[in-house]
Amino acid sequence: MAVLIPDSIDETLILLNGKDYVADRPLATVLYLSLRMGRPLFLEGEAGVGKTEIAKVLASAMDRPLIRLQCYEGLDVSSAVYEWNYAAQMIDIRIAEASGETSRDDLHRDIFSDEYLIRRPVLEALSGEPGKPPVFLIDELDRTDEAFEAFLLEVLSDFQVTIPEYGTIRAAERPSVIITTNRTREIHDALKRRCLYHWVDYPSAERELEIIARKAPQANQRLSREIVGFVQKLREMELFKVPGVAETIDWATALTELDKVALDPATISDTIGVLLKYQDDIARLQASEGKRVLDEVKAEIDAA
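Note that the structure is predicted; figures quoted are calculated from it, not measured.

Cut-offs and rules
- Residues numbered from 1 in each chain as written.
- Predicted model: local features only at pLDDT ≥ 70, side-chain atom pairs only at ≥ 80, totals over all residues.
- Heavy atoms only, no water.
- Helix = DSSP H or I, 4+ residues; strand = E, 2+ residues; numbered from the N terminus.
- Rg over C-alpha atoms; globule rule 2.2 N^0.38 Å.
- Buried < 20%, exposed > 50% of the residue type's maximum accessible area, 1.4 Å probe, protein only.
- Contact = heavy atoms within 4.5 Å.
- Areas by Shrake-Rupley, 256 points an atom, 1.4 Å probe, with all protein chains shown as cover.
- Pairing = 2+ DSSP bridges.
- Axes fitted to C-alpha atoms, helices over the stretch in contact; angles between N-to-C directions.

**Quick look at the overall build of the protein**
Scanning the protein for helices and strands turns up 14 helices and nine strands. For 304 residues, the compact-globule estimate of 2.2 N^0.38 gives 19 Å, and the protein exceeds it by more than 25% at 24 Å. With respect to the three principal axes, the spread of C-alpha positions in the protein is 85 × 45 × 35 Å. Residue burial in the protein is summarised as follows: out of 304 residues, 45% are buried. Considering only contacts in the protein between residues 6 or more positions apart, those separated by 24 or more positions represent 76%. Carbon together with sulfur atoms contributes 50% to the accessible area of the protein, which is approximately 15,300 Å² in total.

**Regarding the pairing of strand β1 (residues 41-44)**
Side chains of β1 alternate between two faces, with L41 and L43 and F42 and E44 buried alike. Taken together, the four bridges between β1 and strand β8 (residues 176-181) define a ladder with parallel strand orientation. The residue bridging F42 from the neighbouring strand is I179, located in β8. Here β1 pairs with strand β9 (residues 196-199) via four bridges, running parallel. Looking across to β9, one finds that F42 is bridged to Y197.

**Focus: the environment of T256**
Position of T256 among the secondary structure elements: in helix α12 (residues 245-257). Note on T256: relative accessible area 17%, which makes it buried. The sequence separation of T256 and A216 amounts to 40 residues, and the corresponding C-alpha distance is 8.3 Å. Those residues in contact with T256 that sit more than four places away from it in its chain are Q218, A219 and L223.

**A few points about unusual backbone geometry**
Unusually for a residue other than glycine, E140 sits at a positive phi of about 60°. Following the sequence through the fold, E140 ends up in the loop between β5 (135-139) and α8 (146-158). Under the relative-accessibility criterion, E140 is labelled buried at 18%.

**Things to note about the side chain of T181**
With respect to the element layout, T181 can be found in strand β8. Assessed through its relative accessible area of 0%, T181 is described here as buried. In contact with T181, not counting residues within four places along its chain, are F42, L43, E44, G45, K51, E140, L141, D142 and I187.

**Topic: the sheet that holds strand β2 (residues 66-70)**
Read across the open sheet, the five strands follow the order β2-β5-β8-β1-β9; overall the sheet is parallel. Each of the sheet's edge strands pairs with one partner strand only, and the pair in question is β2 and β9. For this sheet, the mean inter-axis angle between neighbouring strands, taken without regard to orientation, is 20°. Where β5 lies against β8, four bridges are found, and the strand directions are parallel. Residue pairing in the sheet places F136 in a bridge with V177 of β8. Against the sheet, helix α2 (residues 25-37) touches β1, β8 and β9, its axis set at about 160° to β9.

Encoded structure:
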C-alpha cells in the first residue's frame, strides 16, 4: 500500500491549516521535502514556539500513529529502544529446568524471542503497520547525552536497530521522523547531516493573531490584538524567559474565562503568572514596566 503524502507545498500548508496549525511557507516547504525525501526533520528553536505540535498535527492530519520519545538526562537504550522481560524469562527457564528441557541452544532460542521482547518507542517506530508508518517524534534531544545521540545514528541512517541476542530489525517502511531541540546544547554534526534542518522562530504579530483566533476564538478582536501586541513587545525585552506561543494562547484563554474585553494594568498584574514563569520577570512587569508596555500597545492599536 502506497503511503499518502502531500503532493505540493501548498497542499502541505492546507494540511497543517486544516488542523489549526498556522505555518509559514518556509516551514511547509521543509516539511514537504522531508516527507517526499524520507529524511528526518530537525527542528530547532526556543521552547514554546510549536515544534512538538508540528509532529502531533502531522500525525493527525495524515491519519498516522504518533510515537513520541521524550528525551531526558540519563535516557538509555532500555528506556528508549528495547529491553527483555527478565522476570518472564527466568520463570520459563525454571519451568524448563523442572521439566528436564535443559538444551542450552533451545533455551536461548526460546527466551530471546518476540514473546519476551519489550518494545520501546524507537523499536515501535520501526515496526509500523504496512502502508501506515508512524510519525516518530524525538522530543528535546538536547536533554540527552552524546552517547545516546551517537546511538541514534544507526536508526536515522538505516532505520534499523541491532539487538545482539535477536538480530537486526529494519523498518519495512520508514517512519516520518521529527527531532526537536531547544538548543540547550549543540547537537553533533553527524546527526544533523542525516536530517533536513529548520529553525522555528516566534511568529510575526499577524500570524500570532491568527493563532489566537483559532486556538482561543472566544477572545474578542480588541483583546486579541492587545494580547499579541503586549507579548510581541515582551519578546523584545531582556527577560529571563520570554513567553512562547503556548503561553500566549493560555493567556488569551485565561482572560476570556475572566470575561475580560481589554487589558488593563490590574488585569496584567493579576494574570501575569499565566504568561511568565520566572519571579524576576513577573516582578518587573508588575511594576511600572507593565503599564508602560501596555500604553505603547494601546497607542499603536489606536493609531492603526
